[in-house]
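# Structural overview for review
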Amino acid sequence: MSQTQRSFELADLRAVAEELWPGEIAEGWDRVGLVSGADAAPLRRVLLAVDAVDATVTEAIEWGADALLTHHPLLLRGVHSLAEDTAKGALIARLIRGGCALLAAHTNADQPAGGVSDVIAERLGLMGSSPIVPHASDPSIGIGRIGELESPESLRAFANRVAAALPATVSGVRVSGDPDRSVQRVALLGGAGDSLLDHAAVRGADVYLTSDLRHHPAQEAVETGAVSGGPALVDVAHWASESLWLDGAADRLAERLPGVEFHVSGICTDPWTFSVGARQA
């Protein structure tokens, strides 16, 4: 029987996901891989999304997906009940009843080529990008990316470049720095990244792009930069920065599992729905 005629099972999706995003490179605190589902279950349709929430679970079940592959693990932190009067319990119960498995590829999908930060670097046109924090077992992969734009541009122009590359969200693109500042060397980290504000590579960049920058770490970075140099800061929605990875992930899975239908959710799962009173620069 040819590969194109083969019937696939959930076990095949798990094996390919492990090949693309090995669990061994995930951070120690992470919880990746299969959350629910049986290896022998047939695999015909897979929905990809950043988050397992009511909207994406509904989409998966209504589309007839056999699996929902998300970036964020639903059960990242300890839970002591999957009762259906809890949010996570209700989601898991709906997925099981709907015959839809749940898998997660999180920090193991952040680090490789074609991973979350790598895709952002590519979309922004960075040249010669490499990890900010190389992985101990393979320095070609790792957390974040740092590279250079083809030519210097103003911070405002770079912010517009970022806005054009990412899906629109309520919070848009927030920037700390002189709009006319020239930037070329770019450090970035998809998802929450204030833990790297003090990293030497980040401090040596012209601009640092990430998400979820908290008030005090960002303020301290700005004040430190004024005294001893440091990057301008660009803060984008967490969901937006990680959503870019999904299309490439779906394509890579489809290449290895021909005949299985892969679809990227178009639902924005950014938690913020509207804003008022924003001050314009």
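Residues numbered from 1 in each chain as written. Predicted model: local features only at pLDDT ≥ 70, side-chain atom pairs only at ≥ 80, totals over all residues. Heavy atoms only, no water.

- Going by what an unreviewed UniProt entry lists, the protein chain is known as GTP cyclohydrolase 1 type 2 homolog and is assigned to Leucobacter manosquensis.
- As recorded by UniProt, the Subunit (unreviewed entry) comment attached to the protein chain reads in full: "Homohexamer."
- Quoted verbatim from the Sequence similarities (unreviewed entry) field of the UniProt record, the comment on the protein chain reads "Belongs to the GTP cyclohydrolase I type 2/NIF3 family." (UniProt positions renumbered as here; feature names shortened; annotations may be inferred.)

### Things to note about the packing of aromatic side chains
- Overall, the coordinates contain 1 aromatic pair when judged by the stated rule.
- Ring plane angle 65 degrees and centroid distance 5.3 Å describe the contact between Trp-21 and Trp-245, whose orientation is recorded as edge-to-face. Of this pair, Trp-21 sits in the loop between α1 (10–20) and β2 (33–36) while Trp-245 is found in helix α10 (residues 245–256), placing the two residues 224 residues apart along the sequence.
- Classification of Trp-245 by relative accessible area gives buried; the value is 1%. (Phe/Tyr/Trp six-rings, centres within 6.5 Å; stacked < 30°, edge-to-face > 60°. Helix = DSSP H or I, 4+ residues; strand = E, 2+ residues; numbered from the N terminus. Buried < 20%, exposed > 50% of the residue type's maximum accessible area, 1.4 Å probe, protein only.)

### Structural notes on the packing of helix α2 (residues 54–63) against helix α3 (residues 87–97)
- The interhelical angle for the contact between α2 and α3, taken along N-to-C directions, is 5 degrees, at an axis separation of 10 Å. Taken as axis vectors, α2 and α3 run roughly parallel relative to one another. Together, Asp-54, Val-57, Thr-58 and Ile-61 of α2 and Leu-91, Arg-94 and Leu-95 of α3 make up the contact between the two elements.
- The residue makeup of the contact of α2 with α3, split by class, is 4 nonpolar, 1 polar and 2 charged. (Axes fitted to C-alpha atoms, helices over the stretch in contact; angles between N-to-C directions. Parallel < 35°, antiparallel > 145°, perpendicular 65-115°, else oblique. Contact = heavy atoms within 4.5 Å. Nonpolar A, V, L, I, M, F, W, Y, C, P; charged D, E, K, R; others polar.)

### Digging into the environment of Leu-155
- Note that Leu-155 resides in helix α6 (residues 155–165).
- Judged by relative accessible area, Leu-155 falls into the buried class, the value being 1%.
- Separated by 22 residues in the primary sequence, Leu-155 and Gly-177 place their C-alpha atoms 7.6 Å from one another.
- Not counting residues up to four positions away in its chain, the partners in contact with Leu-155 are Val-175, Ser-176, Gly-177, Asp-178, Pro-179, Arg-181, Val-183, Val-207, Ala-232 and Val-234.

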